[in-house]
Amino acid sequence: MKKTAPKKQSAYAAAGVDIDEMDRGLAKIKADVKSTRTAGVMSDIGRFGGLFRSPGKDTILVASTDGVGTKLKIANLAGIHNTVGQDLVNHCVNDILTQGATPLFFLDYLGTAKLDAGVFAKVISGFCKACRENNCALLGGETAEMPGLYPVGEYDLCGTIVGQVTRKDLVLGDKIKPGDVLIGLPSTGLQTNGYSLARKILFEKAKLTLDDFVPGTRTTFKKVLLAVHSSFLKPILALREAGVQIRGMAHITGGGLIDNVPRMLPKTVDAVFDAQSWKVPPVFRFFEKAGEVDPLEMYRVFNMGIGYVVCVTRKEAALALNTLEKAGAKPLPIGQIVKGKGVSRIENIPGIESFD
């Protein structure tokens, strides 16, 4: 009987890039990606460019690009890869939502030293889940194997989102006035920011692991640190449907309330928050104490429990709070707008009078 010669490994695979493994990964995700298809999609995955129907007259396109940051380190350590894709889509959705835009489509990038088809499929499943939940098409993306550039066994993610808003629904913050009320929507945890400091404190200073419990809770650091970054799209759409005039919105990412809220403010007003108006989650108190982090810095590095801020008129504050409550957002009145110069201040931080 004639023996079959063993298949020779390709030169490219020997150099660290396995095209066959990438093809296997793509084959696994095609049905999942197809499940995100919306009415505007005009092409299937695999083309050089994704096609999407133009929204039409008097519609403004809003776009944003972001990444997940070193939260990926936690995902890799935990061996959990089906949530970081959700983090990225939801983060991008929230960014364009601040200007009143709803998402049309999302494009992803995954870079790695060596592609693992199983991990790749799990990451993409997260993208697809979040896209379906936000009525957003996963229109296309790029996967790059680059041995020598990325650490072996790890990967990087970034994404671009494009959304739409009509001129009448565009939110620029220019109508914000003294007396307006600031409503906070709670975060699910760190969202996607502050992980470099969090990892340093947890692993190097406190000498703890992901399986240890957050002090004062029965929840592990793994669960808390990998909690999915929430999308605030549905609660905000509920506000719009209720006829509430949204004067401004801010997504609380890196920089916290201090650096993000001024992005929605005119230069004639300030945002003043009362730190006693919401309960800071235990994980942030742990980082502050274990890391000996200055309280002021905590409010710049982390969101401290507030993931999104909405500014409404005092007259409509009760309606806004009631509408958001019905939408499941657990809103809290956490501050107000006063005359000023376009900055954000936090008052009543324990042991500190205010932070400009």
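Keep in mind that this is a model prediction, so the values were computed, not measured.

Our next topic: the nonpolar core. Among the nonpolar cores identified, the biggest contains 91 residues, and Phe-106, Leu-157, Val-261, Phe-287 and Val-309 are the most heavily contacted of them. Among all residues touching Phe-287, those that are not within four sequence positions of it are Leu-190, Ala-198, Ile-201, Leu-225, Glu-292, Val-293, Met-298 and Phe-302. One finds Val-41, Phe-52, Phe-105 and Val-162 within the second-largest nonpolar core, a separate group that totals 7 residues.

Quick look at the side chain of Thr-112 now. Residue position: Thr-112 is located in strand 2 (residues 102–112). Since its relative accessible area comes to 4%, Thr-112 is described here as buried. At 2.8 Å, the side chain of Thr-112 and the backbone oxygen of Glu-154 are in polar contact. If we skip the residues at most four places from it in the chain, Thr-112 touches Ala-144, Glu-145, Met-146, Tyr-150, Glu-154 and Tyr-155.

Turning our attention to unusual backbone geometry. In this structure, Met-304 takes a positive phi of about 60 degrees despite not being glycine. When you line up the elements, Met-304 lands in the loop between helix 11 (295–301) and strand 8 (306–312). Look at Lys-330: it is not a glycine, yet its phi comes out positive at around 50 degrees. Examined against the element boundaries, Lys-330 turns out to sit in the loop between helix 12 (317–326) and strand 9 (332–339).

Inspection of the secondary structure assignment puts Thr-98 in the loop between helix 4 (84–97) and strand 2. Take Thr-98: its relative accessible area is 13%, and that puts it in the buried class. Of the polar contacts made by the side chain of Thr-98, one reaches the backbone oxygen of Asp-95; its length is 2.7 Å. Setting aside residues up to four positions removed in sequence, Thr-98 forms contacts with Val-171, Met-249, Ala-250, His-251 and Tyr-308.

For the pair helix 3 (residues 71–78) and helix 6 (residues 195–205), interaxial distance at closest approach is 8 Å and the crossing angle is 45 degrees. One element, helix 3, and the other, helix 6, form an angle in the oblique class. For the pair helix 3 and helix 6, contact is made by Lys-71, Lys-73, Ile-74 and Leu-77 and by Tyr-195, Arg-199 and Phe-203, respectively. A per-class count over the contact of helix 3 with helix 6 returns 4 nonpolar, no polar and 3 charged.

Let us now look at the packing of helix 8 (residues 233–241) against helix 12. At a minimum axis separation of 9 Å, helix 8 and helix 12 run at an interaxial angle of 135 degrees. The angle between the axes of helix 8 and helix 12 places the two elements in the oblique class. At the point where helix 8 passes helix 12, the crossing takes the right-handed sense. Across the interface between the two elements, Pro-235, Ala-238 and Leu-239 from helix 8 touch Ala-320, Thr-323 and Leu-324 from helix 12. Classifying every residue of the contact of helix 8 with helix 12 by side-chain character gives 5 nonpolar, 1 polar and no charged.

What follows covers the packing of aromatic side chains. One pass over the structure, following the stated rule, counts 6 aromatic pairs. Ring centres 5.6 Å apart and planes at 55 degrees place the aromatic pair Phe-284 and Phe-302 in the tilted group. With Phe-284 in helix 10 (residues 282–290) and Phe-302 in the loop between helix 11 and strand 8, this pair connects stretches of sequence that are 18 residues apart. You can call Phe-284 buried: its relative accessible area is 0%. Relative to Phe-302, the ring of Phe-287 lies with its centre 5.7 Å away and its plane at 15 degrees, an arrangement referred to as stacked. A residue pair is termed long-range when its members are at least 10 positions apart, and Phe-287 in helix 10 and Phe-302 in the loop between helix 11 and strand 8 qualify at 15 residues.

The 4 strands lie next to each other as 1-4-2-3, forming an open sheet whose pairing is mixed. Strand pairing shows two members of the sheet lacking a second neighbour, strand 1 (59–67) and strand 3 (137–145), which therefore form its edges. Taking the axes of each pair of neighbouring strands and ignoring which way they run, one obtains an average angle of 15 degrees across the sheet. When strand 2 meets strand 4 (residues 155–166), the two strands line up antiparallel, connected through 10 bridges. What sits directly across from Thr-102, in strand 4, is Gln-164. Its contacts with the sheet put helix 4 on strand 1, strand 2 and strand 4, and the angle it makes with strand 4 is roughly 35 degrees.

Under the criterion given, the structure shown has 11 salt bridges. Notably, a salt bridge pairs Lys-168 with Asp-169, separated by 3.4 Å at the nearest N-O pair. Judged by relative accessible area, Lys-168 falls into the exposed class, the value being 70%.

Next up on the list: helix 5 (residues 117–133). Relative to the 24 Å expected for 17 residues at 1.5 Å per residue, helix 5 spans 24 Å between its end C-alpha atoms, a close match to the ideal helical length. Buried within helix 5 are the following residues: Ala-117, Phe-120, Ala-121, Val-123, Ile-124, Gly-126, Phe-127, Cys-128, Ala-130 and Cys-131. Structurally, the start of helix 5 carries an N-cap: the backbone nitrogen of Gly-118 is 2.9 Å from a side-chain oxygen of Asp-116. One or two positions beyond helix 5, positive phi appears at Asn-135, with a value near 50 degrees.

How each quantity is defined
- Residues numbered from 1 in each chain as written.
- Predicted model: local features only at pLDDT ≥ 70, side-chain atom pairs only at ≥ 80, totals over all residues.
- Heavy atoms only, no water.
- Core = buried A, V, L, I, M, F, W, Y, C linked by side-chain atoms within 4.5 Å.
- Buried < 20%, exposed > 50% of the residue type's maximum accessible area, 1.4 Å probe, protein only.
- Contact = heavy atoms within 4.5 Å.
- Helix = DSSP H or I, 4+ residues; strand = E, 2+ residues; numbered from the N terminus.
- Polar contact = N/O pair within 3.5 Å; in protein donor to acceptor, adjacent residues only side chain to side chain.
- Axes fitted to C-alpha atoms, helices over the stretch in contact; angles between N-to-C directions.
- Parallel < 35°, antiparallel > 145°, perpendicular 65-115°, else oblique.
- Nonpolar A, V, L, I, M, F, W, Y, C, P; charged D, E, K, R; others polar.
- Left-handed = near helix turned anticlockwise from the far one by under 90°.
- Phe/Tyr/Trp six-rings, centres within 6.5 Å; stacked < 30°, edge-to-face > 60°.
- Pairing = 2+ DSSP bridges.
- Salt bridge = Lys/Arg side-chain N within 4 Å of Asp/Glu carboxyl O.
- Expected span 1.5 Å × (residues − 1).

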